[in-house]
Amino acid sequence: MLKQRIITALILLPIALCGFFLLEGSGFALFIGLVVSLGAWEWARLAGFTAQSFRVGYAAVVALMLFVMYVLPGLAPWVLGASVLWWAVATYLVLTYPRSSEHWSTAATKLVIGLLILLPAWQGLVQIKQYPLGNWLIMAVMVLVWGADIGAYFSGRAFGKRKLAPQVSPGKSWEGVYGGLALSLVITAVVGLVRDWTVGELLKGLVGAALIVFISVVGDLTESMFKRQSGIKDSSNLLPGHGGVLDRIDSLTAAIPIFAVLLWMAAP
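Here the structure is a predicted model, which means the values were calculated and not measured.

Engineer: Could you give an account of the packing of aromatic side chains, with specific residues and numbers?
Structural biologist: Here a ring pair, both rings aromatic, is described through the centre-centre distance and the interplanar angle of the planes. Within the structure shown, the criterion is met by 10 aromatic pairs. Here a set of aromatic residues connected by ring pairs shows up, and it is made of Trp 43, Tyr 97, Trp 104 and Phe 226. The ring of Trp 41 carries Arg 55 above its face, with NZ or CZ at 3.9 Å from the centroid. Positioned above the aromatic ring of Phe 28, the side-chain terminus of Lys 129 is 4.8 Å from the ring centre.

In structure tokens:
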């Protein structure tokens, strides 16, 4: 399994980096759209649909909606605004699971939730890419999430006692969350010092980083909640040793649109 994970990572990493840094405009939107469409194909299974025809059809609908969003950029504020509302609701659903499942147990509801997760993630990346330092801002949100994951892993293993959401993901602990938050804040502080941020900018950066870390945890737990409800371990077998696309981007689907909203709010 470890060998598979390493080989898959070595193949995917250069593809991802080239897609993020070398592609622009429609090419970048298409690249991210492909990833999101694969995630939609996986989500249809989480919603309870096993027939390939339906799963492909759902992915095609998502791809069509992404195209509409691309040609109608005025929809961006509405899509990102819907994401903010959704992740607030998702936080409640995760904290109250399994009781909350009565609100989203139907297949139709799950399919709509898939749109609320996937479409804003694409929109957020497209928006961030348009900033002058768009490539580095995309890397910034990813580093924050990866830092939170790494910090949570080691902190959770060393100190984890209080379960974060035992009904959703028994392995996660509050100590892990605090460790991941601490590492992400350290990364943010180092970047702020290197870039000579003012005290006000540094405080805003730390608050923003904390929000991104917490919402990324909600993103991770949300997919875990749907997988647990469906009795599925991995979203698919597309990535040997890693599971599916959604298993790799679950935290980012929450972090990216919120990061895009925070950038918009911070803009002069």
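Read on, since the account is not over.
Engineer: Pulling in residues and values, what's your account of a nonpolar patch on the surface?
Structural biologist: Side chains of Val 143, Trp 146, Ile 150, Tyr 153, Phe 154, Leu 183, Val 186, Val 190 and Val 194 sit close together on the surface and give an oily, nonpolar patch of about 860 Å² of accessible area. At the level of secondary structure, the elements contributing two or more residues to the nonpolar patch comprise α6 (134-159) and α7 (174-194). With five residues, α6 is the single largest residue contributor to the nonpolar patch. Positionally, Trp 146 belongs in helix α6. According to the relative accessible area criterion, Trp 146 is partly exposed, its value standing at 41%.

Engineer: Quick rundown of the environment of Glu 201? Include the residues and the values.
Structural biologist: Counting through the fold element by element, Glu 201 comes out in helix α8 (residues 199-230). Placed 29 residues apart in sequence, Glu 201 and Ser 230 show a C-alpha to C-alpha distance of 43 Å. For Glu 201, the side chain forms a polar contact with the main-chain nitrogen of Thr 198, separated by 2.9 Å.

Engineer: How would you summarise the layout of surface pockets if you had to cite specific residues and measurements?
Structural biologist: The computed volume of the second largest pocket comes to approximately 1,100 Å³. Leu 137, Trp 197, Gly 205, Phe 259 and Leu 263 are, among the 27 residues lining the second largest pocket, the residues nearest its centre. Broken down by secondary-structure element, the contributors of at least two residues to the lining of the second largest pocket are α6, α7, α8 and α9 (245-266). Per-element accounting of the lining of the second largest pocket gives the leading share, seven residues, to α8. Partitioned by chemical class, the residues of the lining of the second largest pocket number 21 nonpolar, three polar and three charged.

Engineer: Tell me what's going on with the pattern of salt bridges, and back it up with residues and numbers.
Structural biologist: Following the criterion strictly, the structure yields five salt bridges and no others. We note a salt bridge from Arg 162 to Glu 175, for which the minimum N-O separation is 3.2 Å. Highlighted residues: Arg 162 in the loop between α6 and β1 (163-165) and Glu 175 in helix α7, separated in sequence by 13 residues. Residue Arg 162 is classed as partly exposed on the basis of its relative accessible area, which comes to 46%. Judged by relative accessible area, Glu 175 falls into the buried class, the value being 14%.

Conventions and cut-offs
Residues numbered from 1 in each chain as written. Predicted model: local features only at pLDDT ≥ 70, side-chain atom pairs only at ≥ 80, totals over all residues. Heavy atoms only, no water. Phe/Tyr/Trp six-rings, centres within 6.5 Å; stacked < 30°, edge-to-face > 60°. Lys NZ or Arg CZ within 6 Å of the ring centre and 35° of its normal. Patch = residues over 30% accessible without salt bridge, like charges linked within 9 Å, V, L, I, M, F, W, Y side chains within 5 Å. Areas by Shrake-Rupley, 256 points an atom, 1.4 Å probe, with all protein chains shown as cover. Salt bridge = Lys/Arg side-chain N within 4 Å of Asp/Glu carboxyl O. Helix = DSSP H or I, 4+ residues; strand = E, 2+ residues; numbered from the N terminus. Buried < 20%, exposed > 50% of the residue type's maximum accessible area, 1.4 Å probe, protein only. Polar contact = N/O pair within 3.5 Å; in protein donor to acceptor, adjacent residues only side chain to side chain. 1 Å grid on protein atoms, 1.4 Å probe; cavity = no way out; pocket = protein on both sides within 12 Å on 5 of 7 lines; lining within 4 Å. Points joined across faces, edges and corners; volume = space filled by probe spheres on them. Nonpolar A, V, L, I, M, F, W, Y, C, P; charged D, E, K, R; others polar.

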